[in-house]
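Each chain, written out:
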Number of protein chains: 2
Amino acid sequence: MSAPAAAQALADPADFKRGMRQLAASVSIITAQQGAGRRAGLTATAVTSVCADPPTLLVCVNRSSQTFPLMREAGRFCVNLLAAEHSDVAARFADAALHGESKFAHGAWHAGENGAPRLHAATAAFECATLSLSEVGTHGIFVAAVTRIHVAPGRAPLLHFDGALTTLPMVSQAPARA
Amino acid sequence: MSAPAAAQALADPADFKRGMRQLAASVSIITAQQGAGRRAGLTATAVTSVCADPPTLLVCVNRSSQTFPLMREAGRFCVNLLAAEHSDVAARFADAALHGESKFAHGAWHAGENGAPRLHAATAAFECATLSLSEVGTHGIFVAAVTRIHVAPGRAPLLHFDGALTTLPMVSQAPARA
């Protein structure tokens, strides 16, 4: 910690969580695969664009999650942005009682070019190669080069705001599925 | 750049931008002040929570912006999350023709405890002290300790999605202001 920050008192973690409830964000599934074997994934909202050229993004992942060590070891991961109709997928990947492979039981998942599982129905999927990993408190910040992008626009995004899943009203939304 | 990323071709920047249009995000104004003098701020969506304890967030800021050098020199900044009614503030701080002080001409702005300008009407304002700055391509990633938080919940957030400003339908929204 730098001297300026250490010299000032920190805010209360409970207040921080209360403030962060006001930050709305798209919901993603971040996935990784270890070699030809074990797959893991988690539901996340801490995903941002860093730079378009070269294409770079970052994600913040809890170091105690099952997915974190696979991301670190593989050096590859995939960020799958969810549409409004994927709230069940978001719930499944956020379920602490489910492990590894069982999370992938629903939805069409297949390996991207970088090996990490890609959700075919994602509104956008970013295949990533880690450039740097910084550990900050409970979390790791992965800054990554984007090696491949799949985009399927035109649908409402799944969002997280004020502790709940929600979505945007779309002017021209894709037809609802029966 | 690490060997694994360099060994793989990168995605096309235009595809990256197209993919990132699918990432919905809250709109913030990030501000900084140099000593007792010059103020600057910019409209941003690249803000994420890193860790609740100790309270830590990160922001990605274009290094060619007027705000970037002030953030770097001050070592302090403020992240102001906007409500739906602040689309004019978002437009003003995104206007490349406006400079420094003129952006603060509308809205109730005053210095936070850390000196950076705080928008009184923000849904949440995070006063920050920079812990680290990493430069990646066109942007800088500021990881920062949060020293003070102001929260005023109950309003719809201002969002950016698919190249436009939008908001969420709120179940119980605060009364509109006359």
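Residues numbered from 1 in each chain as written. Chains lettered and ligands numbered in written order. Predicted model: local features only at pLDDT ≥ 70, side-chain atom pairs only at ≥ 80, totals over all residues.

A. Examining the overall build of chain A more closely. Across its full length, chain A holds four helices and twelve strands. Against the 2.2 N^0.38 benchmark of 16 Å for 178 residues, chain A shows a C-alpha radius of gyration of 17 Å, consistent with a compact globule. Relative to its full complement of 178 residues, chain A shows a buried share of 52%. Put simply, 62% of the contacts in chain A that link residues at least 6 apart link residues at least 24 apart. (Helix = DSSP H or I, 4+ residues; strand = E, 2+ residues; numbered from the N terminus. Rg over C-alpha atoms; globule rule 2.2 N^0.38 Å. Buried ≥ 20, exposed ≤ 12 C-beta atoms within 10 Å, placed from the backbone. Contact = placed C-beta atoms within 7 Å.)

B. Quick peek at the relation of the copies chain A and chain B. Least-squares fitting of chain A to chain B yields an RMSD of 0.0 Å, with the transformation described by 0.0 Å of translation along the axis and a rotation of 180°. Expressed as an axis order, the relation between the two copies is that of a two-fold axis. By C-alpha distance to the rotation axis, the residue of chain A lying nearest is A25 of chain A, at 2.4 Å. Of the interface residues in chain A, 100% have counterparts in chain B that sit at the interface too, so the contact is made through matching surfaces. (Least-squares fit on C-alpha atoms with pLDDT ≥ 70 in both.)

C. Spotlight on the pairing of strand β2 (residues 28-33) of chain B. Residue and element names in this part refer to chain B. Most of β2 is tucked away: six of the six residues are buried. Burial along β2 is two-sided: S28, I30 and A32 and I29, T31 and Q33, pointing in opposite directions, are all buried. Taken together, the six bridges between β2 and strand β3 (residues 39-44) define a ladder with antiparallel strand orientation. Bridging from a neighbouring strand, A32 pairs with A40 of β3. Once β2 ends, the chain turns through five residues before running back antiparallel as β3, passing G35 with a positive phi of about 55°. Relative to strand β6 (residues 76-81), β2 runs antiparallel, the two sharing four bridges. Pairing of T31 across the sheet is with C78, part of β6. (Pairing = 2+ DSSP bridges.)

D. Up close: the interface of chain A and chain B. If you look at the interface, chain A gives 61 residues, while chain B gives 61 residues. When contributions to the side of chain A that touches chain B are tallied by element, the ones reaching two or more residues are α1 (3-6), α2 (13-20), β1 (25-26), β4 (47-51), β5 (56-62), β9 (124-136), β10 (139-151) and β11 (158-161) of chain A. Tallying contributions element by element places β10 of chain A first for the side of chain A that touches chain B, with nine residues. Residue composition of the side of chain A that touches chain B, grouped by class: 39 nonpolar, 16 polar and six charged. (Nonpolar A, V, L, I, M, F, W, Y, C, P; charged D, E, K, R; others polar.)

E. Structural detail: the sheet that holds strand β6 (residues 76-81) of chain A. Spatial ordering of the open sheet is given by β3-β2-β6-β9-β10-β5-β4 (chain A), a layout of seven strands whose pairing is antiparallel. Two strands close off the open sheet at either side, each with one partner strand: β3 (39-44) and β4 of chain A. Here the strands of the sheet are splayed against their neighbours by 35° on average, with no regard to which way each runs. The pairing of β4 of chain A with β5 of chain A spans four bridges and is antiparallel. Within β5 of chain A, the position partnered with C51 of chain A by the bridge is T56 of chain A. Lying over the sheet, helix α3 (residues 67-74) of chain A contacts β2 (28-33), β3, β5, β6, β9 and β10 of chain A, oriented at roughly 55° with respect to β2 of chain A. Packing of helix α2 (residues 13-20) of chain B onto the sheet brings it into contact with β4, β9 and β10 of chain A, and relative to β10 of chain A it is tilted by some 110°. (Axes fitted to C-alpha atoms, helices over the stretch in contact; angles between N-to-C directions.)

F. Spatial organisation of the nonpolar core. V59 of chain A together with V59 of chain B are the most contacted members of the largest nonpolar core, which totals 115 residues. Among all residues touching V59 of chain A, those that are not within four sequence positions of it are I30, A44, A46, V47, V79 and F142 of chain A. (Core = buried A, V, L, I, M, F, W, Y, C linked by C-beta atoms within 7 Å.)

G. Region of the structure containing unusual backbone geometry. Residue and element names in this part refer to chain A. Residues D53 and P54 are joined by a peptide bond in cis, for which omega reads 5°. As for its placement among the helices and strands, P54 is situated in the loop between β4 and β5. The phi dihedral of D162 falls on the positive side, at around 55°, and the residue is not glycine. Considering the arrangement of structural elements, one finds D162 in the loop between β11 and β12 (164-167). The exposure class assigned to D162 is partly exposed, which follows from the 16 C-beta atoms found within 10 Å.

H. Local environment of the sheet that holds β6 of chain B. Spatially, the seven strands line up as an open sheet ordered β3-β2-β6-β9-β10-β5-β4 (chain B), and their pairing is antiparallel. Of all strands in the sheet, those with a lone pairing partner are β3 and β4 (47-51) of chain B, marking the two edges. Geometrically, the sheet is characterised by an average inter-axis angle of 35° between neighbouring strands, direction not taken into account. The sheet contacts of α2 of chain A involve β4, β9 (124-136) and β10 (139-151) of chain B, and relative to β10 of chain B the element is tilted by about 110°. The strands touched by helix α3 (residues 67-74) of chain B are β2, β3, β5 (56-62), β6, β9 and β10 of chain B; relative to β2 of chain B, the strand with the most contacts, the crossing angle is about 55°.

I. Representation of the environment of A44 of chain B. All names here are of chain B. Mapping A44 onto the fold places it in strand β3. Given 25 C-beta atoms within a 10 Å radius, A44 is considered buried. Distance from A44 to N62, taken between C-alpha atoms, is 9.5 Å for residues 18 residues apart in sequence.

J. Local environment of α2 of chain B. Among all positions in α2 of chain B, only F16, G19 and M20 of chain B are buried. Buried residues of α2 of chain B fall within an arc of 95° about the axis and therefore sit on the same side. Among the structural elements, β4, β9 and β10 of chain A are those in contact with the buried residues of α2 of chain B. (Arc of directions from axis to C-beta.)

K. Layout of the confidence of the model for chain A. Residues and elements named next belong to chain A. The predicted model of chain A averages 92 in pLDDT, with 91% of residues at 70 or higher. Segment residues 172-178: pLDDT under 50, and five contacts once partners within four positions in sequence are set aside and those in other chains are kept. Taken over the whole predicted complex, pTM reads 0.92, whereas the ipTM for its chain interfaces reads 0.91. (pLDDT = per-residue confidence, 0-100.)

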